[in-house]
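Structural features, examined
Here's the letter readout for the chains.
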Amino acid sequence: MTSSVTYDTIIRNGLWFDGTGGPSAIRTIGIRDGHVVEISAEDLDATGCPQVVDAAGKWVLPGMLDIHTHYDVEVLGGPALTESLRHGVTTVMLGSCSLSTIHVDGTDAGDLFGRVEAIPREHVIGAVDAHKTWRTCEQYVEALEARPLGPNVAAFIGHSDMRTAVMGLDRATRSDVRPTRREQAEMERMLAEALRAGFVGLSSQQLLFDKLDGETCRSRTLPSTYAKARELRRLKSLLRRAGRVLQSGPDIANPFDLGSQLFQSLGIVRNPLKTSLLSAADVKSNPYAIVALGPLARVINRLGGNFRWQHLPVPFEVYADGIDLVVFEEFGAGAAALHLSDELERNDLMRDEAYRRRFRKDYENRMGVRVWQRDFYDAEIVACPDATVVGKSFGAVGDERGLHPVDAFLDLVLDHGKALRWRTTISNHRPEVLRKLAAEPGVQMGFSDAGAHLRNMAFYNMGLRLLRHVRDAQRAGTPFMTVEQAVHRLTGELADWYRLDAGHLRVGDRADLAIIDPERLDERLDDYAEEPVPQYGGLSRMVNRNDDTVTAVFVGGRRVFTEGVPTDLVGRARTGRFLRAAHRSPAPTAAEEVLSRVG
C-alpha cells in the first residue's frame, strides 16, 4: 500500500505560541508548502512525512523580527545572515539610520557606512561595487531575491543614501547648501518609488556624532543631518499618505529637535506619521531621562500620534580596541583622534600635552547631554600584552601609576594600540528599569545594530535574553509580563506595526519559527564569543553562541539550523524572501508630476 505525503514537516508536542500574546498550549503543528496547515491538540498522522520533530519540553514560537540592523553590506556577499538565523531571528530589517545601498555607489557607501557603523571601508566599497546591478528599488528587491537569503528581509530607504545620490556627497554635507527644486523632487520620486516597491518607510538621522569615513568629506556628519525642515516635511508627507514609517535618530543635545519629532507624529489635522525613534535607553550618564520617555510616548499616542521608541532589552555592553569606539565621537578631543586615519599621526596627537589637557577637560565636563558616562573607572581592560593591567579599570591603573585616568588610558593606547581591548556598559544596566521598559506600550524591542560595530558589540541573541529575563522573573515570583506577552513583543507586535507578513504562527501563516529549550535560557546567553567574517577578509567579530538554547530554526517551512549547525540549505538555497509592507502607496505619478513641473 502506498501513502501520500500529508505534511512536509510535523513538529510534535511543543509549547506553542502564536505571536498574538494569546495563551500558549501544547500542540502539534503540521507544515506543508512552507505554511502552517494544522495546529492540533492531538497527534497528526505522520505517514509519508519526511521530517518529524519532537518538541516535547520545548517552546515553539514564531521567528523573531530584528527591526534595526545594518546588514545592507553583508547581505550582498553573505546573504545567509547566519548570525541572526541561529538565534531564531527569521526577519531582519535593512536601511536603518538613513543608510542604505539603493542609490549610492561603492565609494560613497564606504564613506557612509565605514566609520559610522565600524565596517571596514574597503570591504564596503568592494561589496557594493562587486554586487550592485540595480538602479531602482524594484531591481534591488529582485537582486536580493536572486541571492540565497537565509532570513526574510524588509527595508527602509535611507535619507542619506538618497541625498548623496542626488546632491553628491560634498554638497549633501554642507550646512549652507540646500537641494534645488529638481533635487528635492528627485528625492521625493525616489521615496515614492521605494514605497511602491514595498519598503516599510524612510530612515533619517539627526544625531550629530555619526561621522563620515574617507578623505573628501571625512568627519562631517551624515547627509541626513543637514536637511532642513522643508525638505523633511515634504518627504514625511509621502509617508503620511502611504501610512508608512519614519525611523529617526534625534539630535539628543537639542531638546527642540526631539520635541519636533514627537509633535510631528501627531495626526490632529492630517494623517498620523508612524514614527520609530532611537532610542529608549536607561543611560548611566543621565539616569533620570528614562523616566520621561514612556509618558511622552503615551501622551503623543493618546493625542492621535502613532509613536514608538526603539529599545534594546538587554544591558548595552560595548567593547573597544584601543580608542576605536563611536562614543568618542561625541566630544571634541575624541573626535579629533578618530578623524586621523593614519596611526602615526594619531599617536603623535595622543602624545601632545595640549591635546591631553583638552581630553581631560572634555572627560571631566559633566554639562550637556551625552551617551557615554565618561568614567574610566567604569571601563575594564579585558585583553592587553601587558597582563598586569588585565581585569583592572583604566582608573585603577591610573591610581597605581599616579596618573589621571585619561593619561592612563592614552598611555596604554600608545603602548599597545588595538591590542588593548576593554569594555564598559553604557546603558540598560538596571534590571528593574529594563522590566518597566519591556512592558511599556510605547516601546518596541529592537536596536540590535546587527551587522555593524563588528568588534564592539553583539546583540544577536537579544530576544533570547528578554525571554530569559521574563522566565526568571516568573520563577522568582516577581513577574512583570508573561512569556506569551514577551513573545508577542518580539514577533507579532512588530510585524503588525510595520505591516509585514511575519511574526505569527497560526494556520495559514508562513512557517517561520524557532524551537527553544527553556531550560537552556541560562547564563551562557551572556558569554563572549568571536567568529571570522569571510567576506570581510576574515575579520574576527563579536557574536553570540547559544547552540543548546535554539534547537531548530525554520524559514518558509524549511529547516535552516539544528542545534547551532546550519543545514545544507544555508548559503546555497533561498529560504527567506523580501517582505513588502502591506499599506497602500501614494499615487504612482505624484512625485513624477512634481519633477516634470520643475524640469
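Residues numbered from 1 in each chain as written. Predicted model: local features only at pLDDT ≥ 70, side-chain atom pairs only at ≥ 80, totals over all residues. Heavy atoms only, no water.

One open sheet holds the eight strands; their spatial order is E6-E7-E8-E9-E10-E11-E12-E16, and the pairing between them is parallel. Of all strands in the sheet, those with a lone pairing partner are strand E6 (64–66) and strand E16 (443–445), marking the two edges. The mean inter-strand angle of the sheet, taken between neighbouring strand axes irrespective of direction, is 30 degrees. As judged from the four bridges shared by strand E10 (residues 245–248) and strand E11 (residues 274–278), these two strands associate in the parallel manner. Pairing of Gln247 across the sheet is with Ser276, part of E11. Its contacts with the sheet put helix H10 (residues 255–264) on E10, E11 and strand E12 (306–311), and the angle it makes with E12 is roughly 130 degrees. (Pairing = 2+ DSSP bridges. Helix = DSSP H or I, 4+ residues; strand = E, 2+ residues; numbered from the N terminus. Axes fitted to C-alpha atoms, helices over the stretch in contact; angles between N-to-C directions. Contact = heavy atoms within 4.5 Å.)

To continue, consider the packing of helix H13 (residues 343–351) against helix H16 (residues 405–416). Put simply, H13 and H16 touch, their axes get as near as 10 Å, and they point 150 degrees apart. The orientation of H13 relative to H16 falls into the category roughly antiparallel. As H13 runs across H16, the sense of the crossing is left-handed. Counted together, Asn347, Met350 and Arg351 of H13 and Leu410, Val413 and Leu414 of H16 form the full contact between these two elements. Looking at the contact of H13 with H16 residue by residue, the classes come out as four nonpolar, one polar and one charged. (Parallel < 35°, antiparallel > 145°, perpendicular 65-115°, else oblique. Left-handed = near helix turned anticlockwise from the far one by under 90°. Nonpolar A, V, L, I, M, F, W, Y, C, P; charged D, E, K, R; others polar.)

The subject of this paragraph is unusual backbone geometry. Following Leu278, the chain continues to Ser279 via a peptide bond in cis, the omega torsion being -20 degrees. Position of Ser279 among the secondary structure elements: in the loop between E11 and helix H11 (290–302). The backbone of Cys97 sits at a positive phi, close to 60 degrees, despite the residue not being glycine. Looking at the secondary structure, you find Cys97 in the loop between strand E7 (89–94) and helix H3 (106–113).

Strand order in this open sheet of three strands is E13-E15-E14, and the pairing throughout is antiparallel. The strands lining the two open edges of the sheet, one partner per strand, are strand E13 (316–321) and strand E14 (380–383). Sheet twist, expressed as the average angle between the axes of neighbouring strands with direction ignored, equals 35 degrees.

Next up on the list: the side chain of Arg465. By secondary structure assignment, the location of Arg465 is in helix H18 (residues 462–475). Assessed through its relative accessible area of 14%, Arg465 is described here as buried. For Arg465, the residues in contact, after removing those within four places along its chain, are Val314, Pro315, Phe459, Leu525 and Asp526. (Buried < 20%, exposed > 50% of the residue type's maximum accessible area, 1.4 Å probe, protein only.)

Another point: the nonpolar core. Core analysis: the biggest nonpolar cluster contains 102 residues, and Leu94, Ile157, Leu191, Phe199 and Trp309 have the highest contact counts within it. Residues contacting Ile157, with those up to four places away along its chain left out, are Ser100, Ile102, His103, Cys137, Met162, Met190, Leu191, Ala194, Phe199, Gly201, Leu202 and Ser203. By size, the runner-up hydrophobic cluster in this structure holds 41 residues, among which are Leu312, Val327, Val406 and Phe447. (Core = buried A, V, L, I, M, F, W, Y, C linked by side-chain atoms within 4.5 Å.)

Here the structure, examined in full by the defined rule, presents 26 aromatic pairs. Ring centres of Tyr140 and Phe199 lie 6.3 Å apart, and the angle between their planes is 45 degrees; on these two criteria the pair is classed as tilted. Placement of Tyr140 in helix H5 (residues 137–145) and of Phe199 in the loop between helix H8 (181–196) and strand E9 (201–203) is noted, with a sequence separation of 59 residues between them. What makes Tyr140 buried here is its relative accessible area of 1%. Pairing Phe328 with Trp372 gives two aromatic rings, centres 5.2 Å apart and planes at 70 degrees, and the pair type is edge-to-face. Highlighted residues: Phe328 in the loop between E13 and helix H12 (332–339) and Trp372 in the loop between helix H14 (353–364) and E14, separated in sequence by 44 residues. Through pairs of rings, three or more aromatic residues link up here, namely Phe328, Phe331, Tyr355, Phe359, Tyr363, Trp372, Phe376, Phe394, Phe409 and Trp422. When the ring centre of Trp497 is taken as reference, the NZ or CZ atom of Lys274 above it lies at 4.7 Å. In this structure, Arg366 packs its charged tip against the face of Tyr363, placed 5.7 Å from the ring centre. (Phe/Tyr/Trp six-rings, centres within 6.5 Å; stacked < 30°, edge-to-face > 60°. Lys NZ or Arg CZ within 6 Å of the ring centre and 35° of its normal.)

What follows concerns the UniProt feature "domain: Amidohydrolase" (unreviewed entry) in the protein chain. With numbering matched to this structure, UniProt assigns "domain: Amidohydrolase" (unreviewed entry) to residues 51–241. Helix makes up 41% of residues 51–241 and strand 14%, whereas the separation of the span's terminal C-alpha atoms amounts to 46 Å. (UniProt positions renumbered as here; feature names shortened; annotations may be inferred.)

Positive charge collects at one region of the surface, where Arg181, Arg230, Arg233 and Arg270 lie side by side. Structurally, Arg181 can be placed in helix H8. (Patch = residues over 30% accessible without salt bridge, like charges linked within 9 Å, V, L, I, M, F, W, Y side chains within 5 Å. Areas by Shrake-Rupley, 256 points an atom, 1.4 Å probe, with all protein chains shown as cover. Salt bridge = Lys/Arg side-chain N within 4 Å of Asp/Glu carboxyl O. Lys, Arg positive; Asp, Glu negative; His and termini not counted. Charge placed at Lys NZ, Arg CZ, Asp CG, Glu CD.)

The subject of this paragraph is the domain arrangement of the protein chain. The assigned domain composition of the protein chain is domain 1 (62–317 + 427–566) and domain 2 (328–422). At the interface, 14 residues of domain 1 touch 14 residues of domain 2. Taken over both partners, the interface formed by domain 1 and domain 2 buries close to 1,200 Å², and the fraction arising from carbon and sulfur atoms is 45%. Area buried by domain 1 at its contact with domain 2 is led by Phe209, Arg218 and Ser285, which between them contribute 40% of it. Along the contact surface separating domain 1 from domain 2 lie three salt bridges. The salt bridge involving Arg115 is made with Glu329; its shortest N-O contact spans 2.7 Å. For the interface between domain 1 and domain 2, the tally reads nine residue pairs in polar contact (both at pLDDT 80 or more). In terms of residue class, the side of domain 1 that touches domain 2 is built from five nonpolar, two polar and seven charged. (Domains from an automatic or database assignment. Buried area = accessible area lost by both parts, 1.4 Å probe. Polar contact = N/O pair within 3.5 Å; in protein donor to acceptor, adjacent residues only side chain to side chain.)

The share of residues in the protein chain with pLDDT of 70 or more is 96%, and the mean pLDDT across the chain is 94. This model gives residues 583–599 a pLDDT under 50, and the stretch forms 34 contacts once residues within four places in sequence are excluded. (pLDDT = per-residue confidence, 0-100.)

Before going further, it helps to examine the side chain of Arg163. Topologically, Arg163 is positioned in helix H6 (residues 159–167). Discounting residues that sit within four places of it in the chain, Arg163 has contacts with Gly168, Ala172, Val177, Pro179, Met187, Pro223, Ser224, Tyr226, Ala227 and Glu231.

Counting buried residues along strand E15 (residues 421–427), six of its seven residues qualify, which places the element largely inside the surrounding structure. Pairing of E13 with E15 involves six bridges; the strand directions are antiparallel. Looking at the pairing, Asp321 lines up with Arg421 of E15. Examined bridge by bridge, E14 and E15 share three bridges and lie antiparallel to one another. Among the inter-strand pairings, Ala383 is bridged to a residue of E15, identified as Arg421.

Attention shifts here to the pattern of salt bridges. Counted according to the given criterion, the structure contains 46 salt bridges. A salt bridge links Asp522 to Arg524; the shortest N-O distance between them is 2.7 Å. It is possible to trace a salt-bridge network through shared partners that takes in Glu83, Arg86, Glu531, Arg545 and Asp547.

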